[in-house]
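A closer look at the structure
If you want the building blocks of each chain, they are given just below.
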Amino acid sequence: AVSFDDGWYEPDVLPPIARWMSQSGRIRFQANSLSEISLDLTTHMPDVRERPLMLEFLLNGALVATLGLYRNGWLNLRLFVPESAAETTGGNFEIEIRADRTWQPRPTDDETRDDRDISIAVCNIQIIN
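Now for a quick tour of the structure. If you're wondering where the values come from, they're calculated on a predicted model, not measured in any experiment. (Residues numbered from 1 in each chain as written. Predicted model: local features only at pLDDT ≥ 70, side-chain atom pairs only at ≥ 80, totals over all residues. Heavy atoms only, no water.)

**Things to note about the overall build of the chain**
Just so we agree on the cut-off: For helices the rule is a DSSP run of H or I covering at least 4 residues; for strands it is a run of E covering at least 2, with both sets numbered from the N terminus onward. For a compact globule the rule gives 2.2 Å times the number of residues to the power 0.38, and the radius of gyration it is set against comes from C-alpha atoms. Think of it in three bands: residues with accessible area under 20% of the maximum for their type are buried, residues over 50% are exposed, and the middle band is partly exposed, with areas taken using a 1.4 Å probe on protein chains only. What makes two residues a contact is simply this: any of their non-hydrogen atoms within 4.5 Å. Reported accessibility uses the Shrake-Rupley method at a 1.4 Å probe radius. Residues are deemed covered only where the shown protein chains occlude them. For the purpose of counting charges, residues Lys and Arg are taken to be positive, whereas Asp and Glu are taken to be negative. His and the chain ends are not included. The atoms used to mark charge sites are NZ of Lys, CZ of Arg, CG of Asp and CD of Glu.
Summing up its helical and strand segments, the chain has one helix and ten strands in all. Going residue by residue from the N terminus, the α and β elements of the chain occur as β-β-β-β-β-β-β-β-α-β-β. Over its C-alpha trace the chain gives a radius of gyration of 15 Å, about what one expects of a compact globule, namely 14 Å for 129 residues. Oriented by its inertia axes, the alpha-carbon framework of the chain measures out at about 50 × 30 × 20 Å. A total of 129 residues make up the chain; the buried ones form 39% of that total. Restricting to contacts in the chain with at least 6 residues of sequence separation, those with at least 24 account for 67%. Accessible surface computed for the chain: about 7400 Å², of which carbon and sulfur atoms make up 47%. Here the chain contributes 12 positively and 20 negatively charged side chains, and the mean placements of these two sets differ by 3 Å.

**Observations regarding unusual backbone geometry**
Cis rather than trans, the peptide bond between L14 and P15 has omega equal to -15 degrees. In this structure, P15 sits in the loop between β2 (12–13) and β3 (17–20). Each neighbour pair has its own omega, and for P15 with P16 the value is -5 degrees, a cis peptide bond. Turning to its location among the elements, P16 is positioned in the loop between β2 and β3. The phi angle at N60 is positive, at roughly 50 degrees, despite the residue not being glycine. Take N60: it is sitting in the loop between β6 (53–59) and β7 (62–69). A positive phi angle, close to 55 degrees, is found at N124, a residue other than glycine. Following the sequence through the fold, N124 ends up in strand β10 (residues 121–128).

**Quick notes on the sheet that holds strand β9 (residues 92–99)**
Basically, it comes down to this: By the convention used here, strands pair only if DSSP detects at least 2 bridges between them.
Reading across from one edge, β1-β4-β9-β6-β7 is the order of the five strands in this open sheet, with antiparallel pairing throughout. The outermost strands of the open sheet, each flanked by one partner alone, are β1 (3–4) and β7. In terms of strand pairing, β6 meets β7 through seven bridges, oriented antiparallel. Bridge pairing in β7 links F57 to A65.

**Looking at the sheet that holds strand β5 (residues 36–42)**
Sheet architecture is open: five strands sit in the order β2-β3-β10-β5-β8, paired in antiparallel fashion. Both outer strands of the open sheet, β2 and β8 (75–80), are each paired with one neighbouring strand and no more. Here β3 pairs with β10 via two bridges, running antiparallel. Residue pairing across strands places W20 opposite A121, the latter belonging to β10.

**Points about the environment of D114**
Relative to the assigned elements, D114 resides in the loop between β9 and β10. Note on D114: relative accessible area 12%, which makes it buried. Each C-alpha atom of the pair D114 and V13 lies 14 Å from the other, and the pair is 101 residues apart in sequence.

Listed below in structure tokens is the structure:
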């Protein structure tokens, strides 16, 4: 059972089916052990070549990775989790992703309007023991 906080929008068909994140979002899950987290992510921000989108990944409050996205398109990311960050009581985990900015895809007032503040889309999250 995985739960997404209010930093995430409802699933969207890009394809594949993914969730867009605002500036930050948290995902809660349970696992007996944890050595790696794998996920696919993308951004559609138009200016990432000139100004990379900076991301931070925290596990239970501890920073485990930082990343600068400088192109559009899907990327498979594998986060290797240090033993110290994987230690928890009861097998409860929370991964938080933070982006340094968001953008609005289509803020114009017409039938194609999309004024969500989004940064990245995420799918195919896998917890590896």
